[in-house]
Amino acid sequence: MSSSEVVGVFMVLLAALSFVNSRFLKLPATIGILIGGLILAGGVAVLESLGVALAGQIQATVTSLPFGTLVFDWLLGLLLFASAIQINVRLLFEERLTVVAVTLLTTLITLLLIGTGTFYLLNWAGIPLSWAAALLFGAIIAPTDPVAALPLLKAAGVPEKVEALIAGESLFNDGVGVVAFAVLVGLLSPTAGGVTLPAVLLLFGREMLGGLLLGTLLGGAAFTFIHRAALDENTRLTITLALVVGGNALAQQLEVSAPITAVMSGLTLVALLQLIRKKSEIKAQSNSRVAQWKTENQGTLDDIQDHLYTFWGFVDYLLNAALFTLMAFEILSLQIGWALLALVPGVIVLGLVARALGVWLPMTLIARREHFPPYTRRLMVWSGLRGGVTLALAFTVPEGELRNTLLVLSYGVVIFSLLVQGLTIPRLARRATAASEAEAA
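Residues numbered from 1 in each chain as written. Predicted model: local features only at pLDDT ≥ 70, side-chain atom pairs only at ≥ 80, totals over all residues. Heavy atoms only, no water.

## A look at the nonpolar core
Counting residues in each nonpolar core, the largest one holds 112 residues, and the members touching the most others are Phe67, Trp312, Leu323 and Met327. In terms of residues, this core owes the most to one element, helix α17 (residues 401–440), which gives 13 residues. Leaving out residues up to four positions away in the same chain, Met327 has contacts with Leu34, Phe67, Gly387, Gly388, Leu391, Tyr411, Val414 and Leu418. With twelve residues, the next largest nonpolar core counts Leu13, Leu14, Ala321 and Leu332 among its residues. (Core = buried A, V, L, I, M, F, W, Y, C linked by side-chain atoms within 4.5 Å. Buried < 20%, exposed > 50% of the residue type's maximum accessible area, 1.4 Å probe, protein only. Helix = DSSP H or I, 4+ residues; strand = E, 2+ residues; numbered from the N terminus. Contact = heavy atoms within 4.5 Å.)

Here it is as structure tokens:
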């Protein structure tokens with residue numbers, strides 16, 4: 001099939017899955033689409049085994065797709081920006097030290113525990129795995145996926161402080177995980193002798209700090225243009241698209257973290273929009289001329305944010321649906337053996353235990369000086385979903401037996417986290433909300 005035919009079939013499939021979920025399944029959109037996609041992918045696999053030519057073409061097309069490139073170069077930046085502009089920036093700023101500590105410590109602890117457990121589990125099962133490869137798997141699994149978790153948390157109505165913590169950690173730990181992944185891939189390369197601790201620290205500092213600085217500058221520049229764009233709403237929205245896509249390209253050119261750049265640009269833009277709105281309200285209370293200006297322009301200030309949320313809300317939904325449809329069909333590209341499949345439950349349990357310990361340690365230390373709502377730790381553990389970021393990292397591992405091993409294990413963890421954890425998060429979130437309300441009463 002030509003590229004235009006592939007895109008056409010994909011869009012029709014995406015719309016059909018979305019309709020079926022909205023009309024019949026009534027599940028959270030991404031999870032419903034994933035389930036529908038997995039069912040269709042299973043049907044394609046059965047037809048291909050029966051020798052149906054069309055099924056074989058579909059499988060060949062899916063196998064040829066550069067999934068990692070699609071996610072990192074196109075989808076991830078847009079999705080992270082869309083998630084970032086929906087966060088309560090004030091609460092996130094208040095919890096900034098907690099978010100930084102949890103992001104760094106949880107990601108590192110989870111990476112080490114998963115890597116260590118995987119090393120012993122696979123070697124015990126007779127599948128040779130080096131320490132570097134095991135830690136690489138830890139780096140693949142450690143980052144949680146804000147794209148998967150945040151819509152579920154918002155829909156469930158968890159306490160704002162808990163949502164800000166989970167959102168902040170999920171948004172920023174992608175950058176930490178990607179840097180760790182890059183270092184460990186380097187250790188597995190033939191030139192691994194050149195990887196030293198100073199080089200690792202320099203890479204981490206450049207990626208993280210460079211992404212933070214670049215995102216802040218780009219978000220500030222976009223705010224300046226948007227604020228001066230009068231009533232031309234299309235221009236404002238075009239500027240935000242240019243901010244994300246252009247910022248992603250610039251981050252890659254400067255060799256800084258593109259995910260962190262996207263997150264920081266979104267947070268900066270929203271923070272500045274909210275700041276100027278707040279300042280205008282304060283000044284209007286003591287200055288009649290400012291009050292008149294506010295009366296004349298308040299609608300514009302409100303419209304900027306409302307249209308921004310509406311537009312990026314649709315972009316978020318569309319790209320999420322595309323990502324989860326792709327994830328469902330990527331199962332057709334895996335070489336799944338019974339030996340590997342039998343290890344998936346063990347890896348899932350290992351991931352949950354590592355996540356629980358990774359969250360428990362920093363949160364227990366921080367809780368000595370700060371109060372958190374009930375169920376905070378349980379929500380942070382259970383909402384640590386894995387999704388497109390995890391699979392994209394696994395797909396960027398160099399070709400070979402190791403790549404397929406890590407892909408199968410990663411896919412098992414992703415499917416479990418989305419279908420089991422994702423579907424039960426709302427129930428846990430309702431308990432957390434009820435407990436918080438009872439505590440406040």
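Having seen the model, we can carry on.
## Structural notes on the packing of aromatic side chains
Aromatic ring pairs are defined here through the distance separating the ring centres and the angle between the ring planes. As enumerated under the stated definition, the model contains seven aromatic pairs in all. Between the aromatic rings of Phe119 and Trp131, the centroid separation amounts to 4.1 Å while the plane-to-plane angle is 15 degrees, which identifies the pairing as stacked. With Phe119 in helix α6 (residues 96–124) and Trp131 in helix α7 (residues 131–141), the pair connects residues that are twelve residues apart, well separated along the chain. Look at Trp131 and you get partly exposed, because its relative accessible area is 39%. Through a chain of ring-to-ring contacts, three or more aromatic side chains come together here, namely Phe81, Phe311 and Trp312. One residue, Arg96, lies across the ring of Phe93, its end atom 4.1 Å from the ring centre. One residue, Arg378, lies across the ring of Tyr375, its end atom 4.0 Å from the ring centre. (Phe/Tyr/Trp six-rings, centres within 6.5 Å; stacked < 30°, edge-to-face > 60°. Lys NZ or Arg CZ within 6 Å of the ring centre and 35° of its normal.)

## Overview of a positive patch on the surface
Residues Arg378, Arg427, Arg430 and Arg431 make up a contiguous surface patch of positive charge. By residue number, the principal contributor to the positive patch is α17, which donates three residues. Relative to the assigned elements, Arg427 resides in helix α17. (Patch = residues over 30% accessible without salt bridge, like charges linked within 9 Å, V, L, I, M, F, W, Y side chains within 5 Å. Areas by Shrake-Rupley, 256 points an atom, 1.4 Å probe, with all protein chains shown as cover. Salt bridge = Lys/Arg side-chain N within 4 Å of Asp/Glu carboxyl O. Lys, Arg positive; Asp, Glu negative; His and termini not counted. Charge placed at Lys NZ, Arg CZ, Asp CG, Glu CD.)

## Details of the environment of Ala435
With respect to the secondary-structure elements, Ala435 resides in helix α17. We classify Ala435 as partly exposed; its relative accessible area is 22%. A sequence separation of 62 residues divides Ala435 from Pro373, and the C-alpha atoms of the two residues are 8.1 Å apart. Apart from residues no more than four positions distant in its own chain, Ala435 is found in contact with Pro374 and Tyr375.

## With respect to empty space enclosed by the protein
Under the counting rule described, the total for this entry stands at three cavities of 30 Å³ or more. Volume-wise, the largest cavity comes out at about 50 Å³. What lines the largest cavity is simply Ile141, Ile348, Gly351, Leu352, Arg386, Val413, Phe416, Ser417 and Gln421. Of all the elements in the fold, those that place two or more residues in the lining of the largest cavity are α14 (338–366) and α17. Among the elements that line the lining of the largest cavity, the one with the most residues is α17, at four residues. Its residues assigned to classes, the lining of the largest cavity shows five nonpolar, three polar and one charged. (1 Å grid on protein atoms, 1.4 Å probe; cavity = no way out; pocket = protein on both sides within 12 Å on 5 of 7 lines; lining within 4 Å. Points joined across faces, edges and corners; volume = space filled by probe spheres on them. Nonpolar A, V, L, I, M, F, W, Y, C, P; charged D, E, K, R; others polar.)

## Side note on the layout of surface pockets
The space that makes up the largest pocket amounts to roughly 710 Å³. Every element with two or more residues in the lining of the largest pocket is listed here: α1 (3–25), α3 (53–64), α4 (67–84) and α13 (288–329). Tallied by class, the residues present in the lining of the largest pocket amount to 22 nonpolar, two polar and one charged.

## Remarks on the packing of α14 against α17
Axis separation between α14 and α17 bottoms out at 9 Å; the angle between their running directions is 60 degrees. Here α14 lies oblique to α17, going by the angle between them. In terms of crossing hand, the pair formed by α14 and α17 is right-handed. Where α14 approaches α17, its residues Leu340, Leu343, Val344, Val347, Ile348 and Leu352 are matched on the opposing element by Asn404, Thr405, Val408, Leu409, Gly412, Val413, Phe416 and Gln421. When the residues that make up the contact of α14 with α17 are grouped by side-chain class, the tally is ten nonpolar, four polar and no charged. (Axes fitted to C-alpha atoms, helices over the stretch in contact; angles between N-to-C directions. Parallel < 35°, antiparallel > 145°, perpendicular 65-115°, else oblique. Left-handed = near helix turned anticlockwise from the far one by under 90°.)

## Observations concerning the side chain of Ser257
Examined against the element boundaries, Ser257 turns out to sit in the loop between α11 (233–254) and α12 (258–284). From its side chain, Ser257 meets the backbone nitrogen of Ile260 in a polar contact 3.2 Å long. Those residues in contact with Ser257, other than ones at most four positions away along the chain, are Gly175, Glu207, Gly211 and Ala251. (Polar contact = N/O pair within 3.5 Å; in protein donor to acceptor, adjacent residues only side chain to side chain.)

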